[in-house]
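An overview of the molecular structure
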Amino acid sequence: MSDLPPDNSDDSLGPEPLDADFDEIIDAETDRDPDLAVIEAGSRTLRTQGGPPEADVPGRPEDPELDRALREVETELATRWGETKLEPSVSRISALMDVLGDPQRSYPSIHITGTNGKTSTARMIEALLGAFDLRTGRYTSPHVQSVTERISLDGAPIAAERFIETYQDIKPYVEMVDSQQDFRLSFFEVLTGMAYAAFADAPVDVGVVEVGMGGSWDATNVIDGDVAVVMPIDLDHTDRLGETPAEIATEKAGIIKPDATVIMAQQPVDAAQVLLKKAVEENATVAREGLEFGVVDRQVAVGGQLLKLRGLGGEYPDVYLPLYGAHQAHNAAVALAAVEAFFGVGKERAQPLDIETVRQAFASVSSPGRMEVVRSSPTVVLDAAHNPAGARVTAEAVREAFDFSRLIGVIGVSADKNVRELLEAFEPILAEVVVTQNTSPRAMSADELAAIAVEVFGEDRVQVEPRLPDALEAAITLAEEEAEFAGGGVLVTGSVITVGEARMLLKRG
């Protein structure tokens, strides 16, 4: 733990001691996966500055022995294929499920795919189900700060002890499958196996499962979701999923199983046609946003928005959602319809869900790293938009929710993304941009990003700071530069990893 004193005097970053401790720990973690090293180590460095970690964003275990045991598991997982190296098949995960006794079939599931909005929607579904007294297991990716965030039980990340126990329990079976396959199980496949096993062991009443990528050959697709949720489809991972919405929809439609209920967010026409055709083939029932359900009305409110939603069973007025942006309102409508479908509303039963329970559930929702305000004076907003579609909805949400007179961007991206279009989406709302890079080996270099940013923003609006702590300090200085800009703010975006690292570097509250 850092010996930095709590900063009670002002909102400065305290760059010198912060930078020194941060770099020292990262340098000492060279034998671990680089993403995990920086994200996990950073939370130790800054715990005294940020206060105790929130329930949905766990920090490192304080018990040294427990922390050591968790690091051993993380190290073993890091030796496997990362999430960007894929062999499109479910053969390995199917083999693992078989030797584990098919734990994923011991509970019903809601399966979620799409390009953007999956994690926020999964969290809303989880909150709704929990409010109706069901035990939930939620599996989402990637994580913001800790790998244990990916597996949630009863609305909270799995405890480090249980994460370790689950890994040790399935490890012999993982090694057995490894020995019988052409390729070892990947990092994501092992975590998926852990999630399904942990859900069965809990036991949960329902699993809420977000795909990692695509659908048909995604490791999560060994479940038969009673409800298949398809969030808006746009262009992302085009090298793996296809170059048009229709091609991508073909892959994502793989989660639609026989006799399931499909909850379909608003889609491009060609993607919708593919999804509807698949639903017909599987004898699945379809509910479409804008037709069978949707957002009736929304008003900006303090800390979020007030919604009137139309579900499969009727209207739900005066629903407060403590998240910003029209996209989150649409996510809420999808989540509500998914839970209604799970309970048979519109099919076996006509009456809507209890309105007070629905209101209570939505009011409790959080989504770390998604339009999340982590600091004031100046206001610092974190958002994990990492593709053009996500950047567009984030830019619109910023315009609507905040009255910034001067907004500075801190942007760090992965090299495999459509960076130019992402930057073009942010250009109208940013006075200046500080380009940087996170510590992932997949990160685009700050210099390469700067070259593209100069073409989009112009040279006089671009500053280059390769290290994220320096970029944050520079952006905050720019936001406060002139007294007339009392409404200055900072938006940190471009990658989940960039946001996760920034979240730990910045003082919460």
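Residues numbered from 1 in each chain as written. Predicted model: local features only at pLDDT ≥ 70, side-chain atom pairs only at ≥ 80, totals over all residues. Heavy atoms only, no water.

Focus: the overall build of the chain
Helix and strand counts for the chain stand at 18 helices and 17 strands. Residues classed as buried in the chain amount to 57% of the 509 residues present. If you take every contact in the chain between residues at least 6 apart in sequence, the share linking residues at least 24 apart comes to 73%. (Helix = DSSP H or I, 4+ residues; strand = E, 2+ residues; numbered from the N terminus. Buried < 20%, exposed > 50% of the residue type's maximum accessible area, 1.4 Å probe, protein only. Contact = heavy atoms within 4.5 Å.)

Some thoughts on the packing of helix H5 (residues 91–100) against helix H8 (residues 187–201)
Between H5 and H8, the least distance of the axes is 10 Å, while the angle of their chain directions is 30 degrees. Judged on the interaxial angle alone, H8 and H5 are roughly parallel. The way H5 lies across H8 gives a crossing that is right-handed. Two secondary-structure elements touch here, H5 through Arg92, Ile93, Leu96 and Met97 and H8 through Glu189, Thr192, Gly193 and Tyr196. Along the lines of polarity and charge, the residues of the contact of H5 with H8 split into four nonpolar, two polar and two charged. (Axes fitted to C-alpha atoms, helices over the stretch in contact; angles between N-to-C directions. Parallel < 35°, antiparallel > 145°, perpendicular 65-115°, else oblique. Left-handed = near helix turned anticlockwise from the far one by under 90°. Nonpolar A, V, L, I, M, F, W, Y, C, P; charged D, E, K, R; others polar.)

Some details on the nonpolar core
With 39 residues, the main nonpolar core has Ile125, Val229, Ile263 and Phe362 as its most contacted residues. Only strand E1 (109–113), helix H6 (118–131), strand E5 (206–210), strand E6 (227–230), strand E10 (304–311), strand E11 (314–321), helix H12 (326–342) and helix H13 (355–363) provide two or more residues apiece to this core. Tallying contributions element by element places H12 first for this core, with 10 residues. Apart from residues lying up to four places away in sequence, isoleucine 263 is in contact with Val227, Ala228, Val229, Val230, Ala287, Phe293, Leu312, Val334, Ala337, Ala338 and Ala341. Within the second largest apolar cluster, 38 residues are counted, among which are Tyr139, Leu153, Tyr167 and Phe187. (Core = buried A, V, L, I, M, F, W, Y, C linked by side-chain atoms within 4.5 Å.)

Notes on the pattern of salt bridges
By the definition in use, this model includes 27 salt bridges. When the shortest N-O distance is used, the salt bridge between glutamate 189 and arginine 92 registers 3.0 Å. Pair noted here: glutamate 189 is in helix H8 and arginine 92 is in helix H5, with a separation of 97 residues, a long-range link. According to the relative accessible area criterion, glutamate 189 is buried, its value standing at 4%. The buried category is assigned to arginine 92, whose relative accessible area is 4%. Residues glutamate 427 and arginine 461 are paired through a salt bridge, measuring 2.7 Å at the closest nitrogen-oxygen approach. (Salt bridge = Lys/Arg side-chain N within 4 Å of Asp/Glu carboxyl O.)

Here we look at the sheet that holds strand E17 (residues 488–493)
Taking strand neighbours across the sheet as the criterion, the six strands line up as E12-E13-E17-E14-E15-E16 in an open arrangement whose pairing is mixed. Lying at the two open borders of the sheet, with one neighbouring strand each, are strand E12 (372–375) and strand E16 (462–464). In this sheet, neighbouring strand axes are inclined to one another by 25 degrees on average, regardless of whether the strands run parallel or antiparallel. Of the strand pairs in this sheet, E12 and strand E13 (residues 379–382) are connected by three bridges, and their pairing is antiparallel. (Pairing = 2+ DSSP bridges.)

So, the environment of glutamine 168
The residue glutamine 168 is located in helix H7 (residues 160–180) in this model. For glutamine 168 and valine 73, which are 95 residues apart along the polypeptide, the C-alpha to C-alpha distance reads 8.6 Å.

A few points about the pairing of E5
Here E5 lies mainly inside the structure; five of its five residues are buried. In this structure, E1 lies alongside E5, joined through four bridges in parallel fashion. By the bridge assignment, isoleucine 112 is partnered in E5 with glutamate 210. In this structure, strand E2 (residues 136–139) lies alongside E5, joined through four bridges in parallel fashion. From the neighbouring strand, tyrosine 139 faces E5, where its bridge partner is valine 209.

Examining the packing of aromatic side chains
All chains considered together, the criterion is met by seven aromatic pairs. Centroid distance tyrosine 324 to phenylalanine 402: 5.0 Å. Interplanar angle 50 degrees. Geometry classified as tilted. One end of the pair, tyrosine 324, is in the loop between E11 and H12; the other, phenylalanine 402, is in the loop between helix H14 (388–401) and strand E14 (406–411), and 78 residues separate them in sequence. In terms of burial, tyrosine 324 and phenylalanine 402 fall into one category: buried. Pairing phenylalanine 402 with phenylalanine 404 gives two aromatic rings, centres 5.1 Å apart and planes at 15 degrees, and the pair type is stacked. Taken together, the ring pairs in this structure connect Phe132, Phe342 and Phe343 into an aromatic cluster. (Phe/Tyr/Trp six-rings, centres within 6.5 Å; stacked < 30°, edge-to-face > 60°.)

Details of the confidence of the model for the chain
Here the chain averages 86 in pLDDT, while 85% of its residues score no lower than 70. Here residues 1–55 is modelled with pLDDT under 50, and outside its nearest four sequence neighbours on either side it reaches 108 contacts, counting other chains as well. (pLDDT = per-residue confidence, 0-100.)

Some points on the side chain of glutamate 126
Within the element layout of this structure, glutamate 126 appears in helix H6. Under the relative-accessibility criterion, glutamate 126 is labelled buried at 7%. Sequence-distant contacts of glutamate 126, defined by excluding residues within four places in its chain, comprise Thr136, Arg138, Ser152 and Gly155.

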